[in-house]
Amino acid sequence: MGIIVVKTIIKSLMERKDLRKTGEPILTTKTIQGLYSASYYLVKHQDKIVGVGLFHNGNEDCTLALIENKKGEKLMLGHFAEGYPVPDQEFFELNKIYDWAFGK
């Protein structure tokens, strides 16, 4: 019985790849070298808007997301991969857009 409970809890946790873009990008920027673009979208999980995601080069999965958990705390989900550096400015913009969107 304990194993079933643990599996249910694990499956209900939100993961970065579960987040989906909503609407049009709030902001799109390009690097100085023009190597990639960074677009910021509101993101949803199970049809509820939960945060803001940073998407590189039109990828379907976000690189980073700031989300609000069930306790109302701001959390970051992310995946750092070679070829997708995340400069300080992108962290700053993500946080600024989250605070604007969620009135923080």
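Let me sum up the structure you'll find in this document. (Residues numbered from 1 in each chain as written. Predicted model: local features only at pLDDT ≥ 70, side-chain atom pairs only at ≥ 80, totals over all residues. Heavy atoms only, no water.)

**Quick word on the pattern of salt bridges**
Applying the stated criterion across every chain, the model contains five salt bridges. Between E93 and K96 there is a salt bridge, and its shortest N-O distance comes to 3.5 Å. Pair noted here: E93 and K96 are both in helix α2 (residues 88-102), with a separation of three residues, about one helical turn. Given a relative accessible area of 12%, E93 falls into the buried group. Salt bridges linked by common partners bring K17, R20 and D61 together as one network. (Salt bridge = Lys/Arg side-chain N within 4 Å of Asp/Glu carboxyl O. Helix = DSSP H or I, 4+ residues; strand = E, 2+ residues; numbered from the N terminus. Buried < 20%, exposed > 50% of the residue type's maximum accessible area, 1.4 Å probe, protein only.)

**Here we look at the side chain of T63**
Mapped onto the fold, T63 is located in the loop between β3 (48-56) and β4 (64-68). Owing to a relative accessible area of 6%, T63 belongs among the buried residues under this scheme. A polar atom in the side chain of T63 sits 2.7 Å from the side chain of H56. Each residue touching T63, except ones within four places of it in the same chain, is listed here: R16, L54, H56, L77, G78, H79 and V86. (Polar contact = N/O pair within 3.5 Å; in protein donor to acceptor, adjacent residues only side chain to side chain. Contact = heavy atoms within 4.5 Å.)

**Quick word on the sheet that holds β4**
Here five strands make up an open sheet; going across it, the order is β1-β2-β3-β4-β5 and the pairing antiparallel. Since the sheet does not close on itself, it has two edges, and those belong to β1 (20-30) and β5 (74-78), each with one partner. Between one strand and the next, the sheet's axes are offset by a mean angle of 20°, whatever the strand orientation. In terms of strand pairing, β1 meets strand β2 (residues 37-45) through seven bridges, oriented antiparallel. Within the sheet, the bridge partner assigned to L27 lies in β2 and is Y40. Across the sheet, α2 is in contact with β1, β2, β3, β4 and β5; its angle to β3 comes to roughly 160°. (Pairing = 2+ DSSP bridges. Axes fitted to C-alpha atoms, helices over the stretch in contact; angles between N-to-C directions.)

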